[in-house]
Amino acid sequence: MATRRVKSPYGRGVVDGLPFIFVVAPFALLFGVVATEAGLSIFEALAFSVAVIAGAAQFTALALMTEHAPVIVVLASALAVNLRMAMYSAAMTPHLGHLPVWKRSLVAYFLVDQTYALGTLEFEARPSQSAADKFAYFLGTLTPICIPWYIFTFVGAWAGAAIPTNLGLDFAVPVAFLAMIGPMLRTPAHMSAAFTGAAVSLAMAWLPYNLGLIAGGIAGMVVGAQVELVTERRAARRGEAGA
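Procedures and definitions
Residues numbered from 1 in each chain as written. Predicted model: local features only at pLDDT ≥ 70, side-chain atom pairs only at ≥ 80, totals over all residues. Heavy atoms only, no water. Helix = DSSP H or I, 4+ residues; strand = E, 2+ residues; numbered from the N terminus. Areas by Shrake-Rupley, 256 points an atom, 1.4 Å probe, with all protein chains shown as cover. Phe/Tyr/Trp six-rings, centres within 6.5 Å; stacked < 30°, edge-to-face > 60°. Buried < 20%, exposed > 50% of the residue type's maximum accessible area, 1.4 Å probe, protein only. Lys NZ or Arg CZ within 6 Å of the ring centre and 35° of its normal. Contact = heavy atoms within 4.5 Å. Axes fitted to C-alpha atoms, helices over the stretch in contact; angles between N-to-C directions. Left-handed = near helix turned anticlockwise from the far one by under 90°. Nonpolar A, V, L, I, M, F, W, Y, C, P; charged D, E, K, R; others polar. Expected span 1.5 Å × (residues − 1). Salt bridge = Lys/Arg side-chain N within 4 Å of Asp/Glu carboxyl O.

Draft legend 1. Focus on the overall build of the protein. Scanning the protein from terminus to terminus reveals 13 helices and 0 strands. Mapped from its N terminus to its C terminus, the protein presents α and β elements in the order α-α-α-α-α-α-α-α-α-α-α-α-α. Here the protein displays about 13100 Å² of accessible surface, and carbon together with sulfur accounts for 70% of that area.

Rendered as structure tokens:
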């Protein structure tokens, strides 16, 4: 792999994050276009991306805003979509939780799907790394992922109607999530959570304001947590029996 030839943690992060530009760029372009078509100015569209920096939540909130949904529904839906960030944060704490406050704040802000996925794989592959090296790797991953998110949001907002929404740029959304979720489905808990969430979301798709997505997310987390508990209990029993 190319990353094996890169010695610095930051450099490895940049190299590992580079392929995601091919999904980040069209995703951000599409958001910029849709945001301006929904009535936001270029500055408002860019501020949206800077403040939220979560594509799925941004599209969800924007869609509900254009449907004139109540503010509480918009906020609840965006938060529900981003509930996974709490799990990401918990997973990163053993690796980066001992950093100074300003570094932890930076990690919290830039902790998105792609940086989390890359960080998890890297930290599991190199558990002996120091916290400083892990932080440097994290900074490397966000460089080709988060910075282009701002740039292409601006480009999309500036281009506006010049880039038609039927161009097919929205292919980046499912492709990005499939690419990230696929490698993570390694345990029964992960698989149960994913399939339960998807099934409930589809079954509840008739609910207004995308509330089915919230129901699916909650159901997936509950089922995943229960499967994890059952798995841990079985493992503990086996350990006791073996002893």
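Now that the structure has been shown, we can carry on.
Draft legend 2. Here's a closer look at the packing of aromatic side chains. One pass over the full model with this rule turns up 8 aromatic pairs. Here the aromatic rings of Phe 27 and Phe 59 are separated by 5.2 Å at their centres, their planes lie at 10°, and the arrangement is stacked. A residue pair is termed long-range when its members are at least 10 positions apart, and Phe 27 in helix H2 (residues 21-37) and Phe 59 in helix H4 (residues 55-66) qualify at 32 residues. Note on Phe 123 and Tyr 137: the rings are 6.3 Å apart at their centroids and 65° apart in plane angle, and the pair reads as edge-to-face. Here Tyr 137 lies in helix H9 (residues 131-142) and Phe 123 lies in helix H8 (residues 113-125), a separation of 14 residues in the sequence. As far as the burial class goes, Phe 123 and Tyr 137 line up, both buried. One aromatic cluster is present, built from ring pairs that chain together Phe 27, Phe 31, Phe 48, Phe 59 and Trp 149. Over the ring of Phe 123 we find Lys 134, and its NZ or CZ is 5.6 Å from the ring centre.

Draft legend 3. Geometry of the environment of Arg 12. Structurally, the position occupied by Arg 12 is in helix H1 (residues 9-17). C-alpha of Arg 12 to C-alpha of Tyr 137: the two residues are 125 residues apart in sequence and 6.6 Å apart in space.

Draft legend 4. Structural context of the side chain of Gln 58. Among the structural elements, Gln 58 can be located in helix H4. Every residue in contact with Gln 58, bar those within four places of it in the chain, is listed here: Phe 31, Phe 48, Ser 49, Val 52, Ile 53 and Trp 149.

Draft legend 5. Up close: the packing of helix H6 (residues 84-96) against H8. At a minimum axis separation of 11 Å, H6 and H8 run at an interaxial angle of 35°. In this structure, H6 meets H8 at a crossing whose hand is left-handed. Across the interface between the two elements, Arg 84, Met 85, Tyr 88, Ala 91, Met 92, His 95 and Leu 96 of H6 pack against Asp 113, Tyr 116, Gly 119, Thr 120 and Phe 123 of H8. Residue classes in the contact of H6 with H8 are distributed as 7 nonpolar, 3 polar and 2 charged.

Draft legend 6. Structural view of H9. In this model, H9 (12 residues) spans 17 Å end to end at C-alpha, consistent with the 16 Å of a helix rising 1.5 Å per residue. Taken residue by residue, H9 has Lys 134, Phe 135, Ala 136, Tyr 137, Phe 138, Gly 140, Thr 141 and Leu 142 as its buried positions. On its buried face, H9 is in contact with H1, H6, helix H7 (101-110), H8 and helix H10 (146-159).

Draft legend 7. Structural context of H10. If you check H10, its first and last C-alpha atoms are 20 Å apart, about what 14 residues at 1.5 Å a residue would give, namely 20 Å. Looking only at H10, the buried set comprises Cys 146, Pro 148, Trp 149, Tyr 150, Thr 153, Gly 156 and Ala 157. Each element contacted by the buried residues of H10 is listed here: H2, helix H3 (42-52), H4, H7, H8 and H9. In the stretch just after H10, Gly 160 is the one whose phi turns positive, near 55°.

Draft legend 8. Here's a closer look at the pattern of salt bridges. Tallying each qualifying case throughout the model produces 2 salt bridges. One salt bridge connects Glu 122 with Arg 12, and the closest N-O pair in it is separated by 2.8 Å. Of this pair, Glu 122 sits in helix H8 while Arg 12 sits in helix H1, placing them 110 residues apart in sequence. Overall, Arg 12 belongs to the buried group, its relative accessible area being 6%.

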